[in-house]
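# Working through the structure, step by step
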Amino acid sequence: MGEIHLAVRFTCSSLLNMMHMYSQPLLPKMHYIYPLTISQLESLWHQATQIVSMRLSRAEPPLRKEIVEYMLDVGSHKWSMRRSKANLSRIMGVFGGFIAIGKWFGQICYWKNPITTVLIHILFLILVLYPELILPTIFLYMFLIGVWYYRWRPKNPPHMDTRLSCADNAHPDELDEEFDTFPTSRHPDIIRMRYDRLRSFFRKDSNSRR
């Protein structure tokens, strides 16, 4: 088994026509007057996936239905506990650096670590007396931070990082929920248990932020 990488290049002959096409609504006007229901959209998504998978299965090399569904990102509109945890961890990873800087600055202001506070004040005085050292100091810090975190660089490609997608520690019921049909085909007790787990998860998350 190998990997297939597809490259698609979009070109336009007229920039004006392209901007005109982007200004038009994505769907026909009748859709906004009488929008389709969720069940109808689900049926259309399923039919489009079937058509594409049937055509690509006759291509060379043939592609299986699972690969086509992964490429078309089927099920991205459905709720997934694993995907929600992954998105939340990514958002916290983006803002985690700013939060850490804010906490570090607060520790300096309140003299939690006197040695660090004195060193920061000395550095501040040096930068005030010699402003030409501001940019070299910033670049030096960025280089040192990059060298420090080089040890924890990802060893695998991003699409194969199971830790990034929270697939390494996903609960079996979360995976069953992700592959469930819409509307659900599970017992109401299982659905009630999933809602209870969802409430407990957000309750723990809200308490941890406080």
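Residues numbered from 1 in each chain as written. Predicted model: local features only at pLDDT ≥ 70, side-chain atom pairs only at ≥ 80, totals over all residues. Heavy atoms only, no water.

A few words now on the side chain of Ser53. For Ser53, the location among the structural elements is in helix H3 (residues 38-57). One polar contact links the side chain of Ser53 to the main-chain carbonyl oxygen of Gln50, over a distance of 2.9 Å. When near neighbours in sequence (up to four residues on either side) are disregarded, Ser53 contacts Lys65 and Val68. (Helix = DSSP H or I, 4+ residues; strand = E, 2+ residues; numbered from the N terminus. Polar contact = N/O pair within 3.5 Å; in protein donor to acceptor, adjacent residues only side chain to side chain. Contact = heavy atoms within 4.5 Å.)

The next subject is the packing of aromatic side chains. This structure, assessed with the given rule, holds zero aromatic pairs. Here the basic side chain of Arg151 rests over the ring of Trp148, its NZ or CZ set 4.4 Å away from the ring centre. (Phe/Tyr/Trp six-rings, centres within 6.5 Å; stacked < 30°, edge-to-face > 60°. Lys NZ or Arg CZ within 6 Å of the ring centre and 35° of its normal.)

We now examine a nonpolar patch on the surface. Among the surface-exposed residues, Trp111, Ile115, Val118, Leu119, Ile122, Ile126, Leu129, Tyr130 and Leu133 lie close enough to one another that they form a single nonpolar patch of about 910 Å² accessible area. You can see Ile122 is positioned in helix H6 (residues 114-129). With relative accessibility at 44%, the residue Ile122 sits in the partly exposed group. (Patch = residues over 30% accessible without salt bridge, like charges linked within 9 Å, V, L, I, M, F, W, Y side chains within 5 Å. Areas by Shrake-Rupley, 256 points an atom, 1.4 Å probe, with all protein chains shown as cover. Salt bridge = Lys/Arg side-chain N within 4 Å of Asp/Glu carboxyl O. Buried < 20%, exposed > 50% of the residue type's maximum accessible area, 1.4 Å probe, protein only.)

What follows covers helix H5 (residues 81-109). Spanning 29 residues, H5 covers 40 Å between terminal C-alpha atoms, matching the ideal 42 Å at 1.5 Å per step. Taken residue by residue, H5 has Met81, Arg82, Ser84, Ala86 and Ile108 as its buried positions. Of the residues flanking the end of H5, it is Trp111, one or two places downstream, whose phi is positive at about 55°. (Expected span 1.5 Å × (residues − 1).)

On to the side chain of Thr117, then. By secondary structure assignment, the location of Thr117 is in helix H6. A polar contact is formed between the side chain of Thr117 and the backbone oxygen of Ile108, at a distance of 3.5 Å. Each residue touching Thr117, except ones within four places of it in the same chain, is listed here: Gln107, Ile108 and Trp111.

Moving on, we come to the pattern of salt bridges. One pass over the structure, following the stated rule, counts two salt bridges. With a closest N to O distance of 2.8 Å, Asp189 and Arg192 form a salt bridge. Of the two residues, Asp189 and Arg192 are both situated in helix H9 (residues 188-209); the distance of three residues between them amounts to about one turn of the helix. A relative accessible area of 44% means that Asp189 is categorised as partly exposed. Here Asp196 makes a salt bridge to Arg199, at a shortest N to O gap of 2.8 Å. With Asp196 and Arg199 both in helix H9, this residue pair falls three residues apart, about one helical turn. Exposure remark for Arg199: the relative accessible area of 49% places this residue in the partly exposed category.

Now for the confidence of the model for the protein. When pLDDT is averaged across the protein, the result is 81; 91% of the residues are at 70 or more. When the elements of the protein are averaged for pLDDT, H9 gives the smallest value, 76, and helix H7 (residues 134-148) the largest, 89. (pLDDT = per-residue confidence, 0-100.)

Turning our eyes to something else, we now look at the packing of H5 against H6. Running from amino to carboxyl end, H5 crosses H6 at an angle of 95°, the nearest separation of the two axes being 9 Å. By the angle class used here, H5 and H6 are roughly perpendicular. Contacts from Trp104, Gln107 and Ile108 in H5 reach Thr116, Thr117 and Ile120 in H6. Grouping the amino acids of the contact of H5 with H6 by side-chain chemistry returns three nonpolar, three polar and no charged. (Axes fitted to C-alpha atoms, helices over the stretch in contact; angles between N-to-C directions. Parallel < 35°, antiparallel > 145°, perpendicular 65-115°, else oblique. Nonpolar A, V, L, I, M, F, W, Y, C, P; charged D, E, K, R; others polar.)

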